[in-house]
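Overview (structure and organization)
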Amino acid sequence: MSDGFHGLYKIGGISFIISGILFFLAYLLGLMAGPPPSGGVEILAWRASGELPLALTNEILFFAAVFMVPAVFALYHSLASIDRTKAAVGCGIIAVVIPVIFVLLIFHGRLVYPVYDMRVSTPAIAEFVVTVYYGGLHAIGLLLGGATIVVSLAMRRGVYGRNIAYLGIATGVFEIIDAYPWIIGPILELVSQISFAAWFLLVGWKLYRMR
């Protein structure tokens, strides 16, 4: 392996680990803020009572998405020689998800961060912002779940090992289930988030040590 690829795997591995930690921290902050209410007036009150965890969630998710960029690039290169088709499909879907996360965070940020002293202040706009943001998270959960399963199928015959591959398949299933948090309840959501973070950490560690 060239020194360039060795450096790519190290950067990608570190990025995977950081991203996994940040996503889990964002989940914990989301627990502090609580789920959004359904009415605009209630949403404004919810924003006022949980402004700090909501603001931190926005910042943390931004950097989690940033670190996904080198992580996904390194992941694709590590799998391309094993199963190029699955690597391209899985990593391609993840790559598409990253800019969607940034767009959703722009909407979410208007709840807590003013721009030219302006931010969401009316019930109707608050309902629109929350609907777009959480509806987008639902779509991201479905996409990431499917992508994780596809990538994990490619890992079965590579250096990652079957344990990480099978954990990834289970993580993908949990991610799809977790796309419906208002249905599944807090226990399954916690299991999904722990599985997601653990898979990121293990994949990152494998990438970092890859020769």
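Report on the accompanying structure.

Cut-offs applied
- Residues numbered from 1 in each chain as written.
- Predicted model: local features only at pLDDT ≥ 70, side-chain atom pairs only at ≥ 80, totals over all residues.
- Heavy atoms only, no water.
- Helix = DSSP H or I, 4+ residues; strand = E, 2+ residues; numbered from the N terminus.
- Expected span 1.5 Å × (residues − 1).
- Buried < 20%, exposed > 50% of the residue type's maximum accessible area, 1.4 Å probe, protein only.
- Arc of directions from axis to C-beta.
- Contact = heavy atoms within 4.5 Å.
- Core = buried A, V, L, I, M, F, W, Y, C linked by side-chain atoms within 4.5 Å.
- Patch = residues over 30% accessible without salt bridge, like charges linked within 9 Å, V, L, I, M, F, W, Y side chains within 5 Å.
- Areas by Shrake-Rupley, 256 points an atom, 1.4 Å probe, with all protein chains shown as cover.
- Salt bridge = Lys/Arg side-chain N within 4 Å of Asp/Glu carboxyl O.

Below, the discussion takes up helix α6 (residues 162–178). An α-helical turn contains 3.6 residues, so a residue and the one three or four places further along point in the same direction. Taking 1.5 Å of rise per residue, the 17 residues of α6 would be expected to cover 24 Å, and the 24 Å separating its terminal C-alpha atoms lies within 8% of that figure. Along α6, the residues that are buried comprise Ile 164, Ala 165, Gly 168, Thr 171, Gly 172, Glu 175 and Asp 178. An end-on view of α6 places all buried positions within 140° of arc, on one side of the element. Taken together, the buried residues of α6 touch α5 (123–155), α7 (181–184) and α8 (186–209).

Turning our attention to the nonpolar core. Membership of the largest hydrophobic core comes to 41 residues, with the highest contact counts inside it found for Met 68, Leu 75, Leu 79, Met 155, Tyr 160, Val 203 and Leu 207. Counting only elements with at least two residues in this core, the list comes to α1 (3–33), α3 (51–79), α4 (84–112), α5, α6 and α8. The element contributing the most residues to this core is α3, with 10 residues. Once residues lying within four places of it in the same chain are set aside, the contact partners of Tyr 160 are Leu 75, Ser 78, Leu 79, Met 155, Val 203, Lys 206, Leu 207 and Met 210. Grouped together as the second largest cluster of nonpolar side chains are 12 residues, Trp 46, Leu 111, Val 112 and Val 129 included.

This next bit is on a nonpolar patch on the surface. On the surface, a cluster of nonpolar side chains totalling about 400 Å² of accessible area is made up of Ile 21, Leu 25, Leu 28, Leu 31 and Leu 201. Position of Ile 21 among the secondary structure elements: in helix α1. Look at Ile 21 and you get partly exposed, because its relative accessible area is 42%.

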